[in-house]
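# Analysis of the macromolecular model
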Amino acid sequence: MIITVSGEPGAGKSTVARALAQALGLRYLSSGEIFREEARRRGLTVAALGRLAEQDLSIDRAIDQAQVAEARAGDIVVESRLSGWLVDGDVRVWLRAPVEVRARRVAVRDGLPVETARADVETREACERRRYAALYQIDLKDLSRYHLILDTSLWGPEDITHAIAGLARALRGERSGRRS
């Protein structure tokens, strides 16, 4: 089984994807962690690497090719902004939340004032929209590719994980001829 978890910055992708992989006994891959590690390796902030990636499309392309190759082995939860577009997942999930909620989460996670976090989130979203449109002609606002679209401001990560895991188990049971 291949599950993709995509969504907006601060919507809870990493939290849900990591818990989902554990709940289902699947491997976990985070392209965001790969991107952050690449920024550290280059001595850049994530925002600075994002700006560089707008000029050098090979940065995103290399990270995206790695996630696609890893997903082909199956039994994985792939978490990235584009995984629902790049990986043919059995279950493709998009997580979203109002910008105010996401900004508060990012502020807590990164130790920033909420206003700074909101500006960072909005800048990052705009940067990624431009990059992915230029690189893959993908409109991040087009959610037609996703099976599930969940507002993470309405439920906690445990409830969201439980719901997605239940649907994934039901799909897995259906494919093997039995129902969970």
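Here the residue index of a chain counts from 1 through its sequence in written order. Confidence filtering applies because this is a predicted model: local features only for residues at pLDDT of at least 70, side-chain atom pairs given and counted only at 80 or more, and all residues used for totals across whole chains, interfaces and linings. By convention in this description, side-chain values take in all heavy atoms of the structure and omit both hydrogens and water.

Moving on: the overall build of the protein chain. Under the DSSP-based scheme used, a helix requires at least four consecutive residues in state H or I and a strand at least two consecutive residues in state E, with every element numbered from the N terminus. Along the protein chain, the regular secondary structure elements total 8 helices and 5 strands. Element order for the protein chain, N to C, with α for helix and β for strand: β-α-β-α-α-α-β-α-β-α-α-β-α. Relative to the globule expectation of 16 Å for 180 residues, the C-alpha radius of gyration of the protein chain, 16 Å, shows essentially globular dimensions. For the protein chain, the spread of C-alpha atoms along the three principal axes comes to 50 × 35 × 30 Å. Whether a residue is buried, partly exposed or exposed follows from its accessible area with a 1.4 Å probe, protein chains only, as a fraction of its type maximum: under 20%, in between, or over 50%, in that order. Within the protein chain, the fraction of its 180 residues that count as buried is 44%. The sign given to each residue is positive for Lys and Arg and negative for Asp and Glu; His and the chain ends receive no count. Where a charge lies is defined by one atom per residue type: Lys uses NZ, Arg uses CZ, Asp uses CG and Glu uses CD. Taken as two groups, the 29 positive and 26 negative side-chain charges of the protein chain have centres that lie 2 Å from each other. With C-alpha atoms as the basis for the radius of gyration, the globule rule is written as 2.2 Å multiplied by the number of residues raised to the power 0.38.

Moving on to helix α3 (residues 46-55). Those residues of α3 lying buried are A48, L49, G50 and A53. Considering only its buried residues, α3 is in contact with α2 (31-42), α4 (58-71) and α7 (114-136). Residue contacts are defined here by distance: any two heavy atoms, one from each residue, within 4.5 Å place the two residues in contact.

We now examine the sheet that holds strand β5 (residues 148-151). Spatial strand order, β2-β3-β1-β4-β5: 5 strands in an open sheet with parallel pairing. The two strands at the open ends of the sheet, each matched to only one other strand, are β2 (27-30) and β5. When strand polarity is set aside, the average angle formed by the axes of neighbouring strands in this sheet is 20°. Should DSSP find at least two bridges between two strands, the strands are regarded as paired. Relative to strand β3 (residues 76-79), β2 is paired through 4 bridges, and the arrangement is parallel. Among the inter-strand pairings, L29 is bridged to a residue of β3, identified as V78. Relative to the sheet, helix α1 (residues 13-24) contacts β1 (2-7), β2, β3 and β4 (91-96), its axis offset from that of β1 by approximately 165°. Where helices are involved, their axes are fitted lines through C-alpha atoms of the stretch in contact, as for all axes, and angles between N-to-C directions lie from 0 to 180°.

Moving on, we come to the nonpolar core. Grouped together as the largest cluster of nonpolar side chains are 20 residues, with contacts concentrated most on I3, V5, L20, L24, V77, L95 and I164. Counting residues per element, the ones that place at least two in this core are β1, α1, β4, β5 and α8 (157-175). With 5 residues, α1 is the single largest residue contributor to this core. Each residue touching I164, except ones within four places of it in the same chain, is listed here: V16, L20, V93, L148 and L150. Only buried Ala, Val, Leu, Ile, Met, Phe, Trp, Tyr and Cys residues count toward a nonpolar core, and they belong to the same one when joined by side-chain atoms within 4.5 Å.

Attention now moves to the side chain of S80. Assignment of secondary structure puts S80 in the loop between β3 and α5 (83-86). Look at S80 and you get buried, because its relative accessible area is 5%. Contacts of S80, omitting those with residues within four sequence positions, involve V5, S6, G7, S31 and Q67.

Turning our eyes to something else, we now look at the pairing of β3. On β3, burial covers both faces: I76 and V78 on one face and V77 and E79 on the other are all buried. With 4 bridges connecting them, β1 and β3 associate as parallel partners. Opposite I2, over in β3, you have I76 as the bridge partner.

This paragraph deals with the environment of S58. Positionally, S58 belongs in helix α4. Look at S58 and you get partly exposed, because its relative accessible area is 40%. Spatially, the C-alpha atom of S58 lies 25 Å from that of W94, the residues being 36 residues apart in sequence.

This part takes up the pattern of salt bridges. Salt bridge criterion: a side-chain nitrogen from Lys or Arg within 4 Å of a carboxyl oxygen from Asp or Glu. For the structure on display, the rule yields 16 salt bridges. Its salt-bridge partner being R27, residue E70 comes within 2.3 Å of it at the nearest N-O pair. A residue pair is termed long-range when its members are at least 10 positions apart, and E70 in helix α4 and R27 in strand β2 qualify at 43 residues. A residue is classified by how much of its surface remains accessible, and R27, at 31% relative accessible area, is partly exposed.

For W85, the position within the fold is in helix α5. Classification of W85 by relative accessible area gives partly exposed; the value is 24%. Each residue touching W85, except ones within four places of it in the same chain, is listed here: I138, D139, D142, R145 and Y146.

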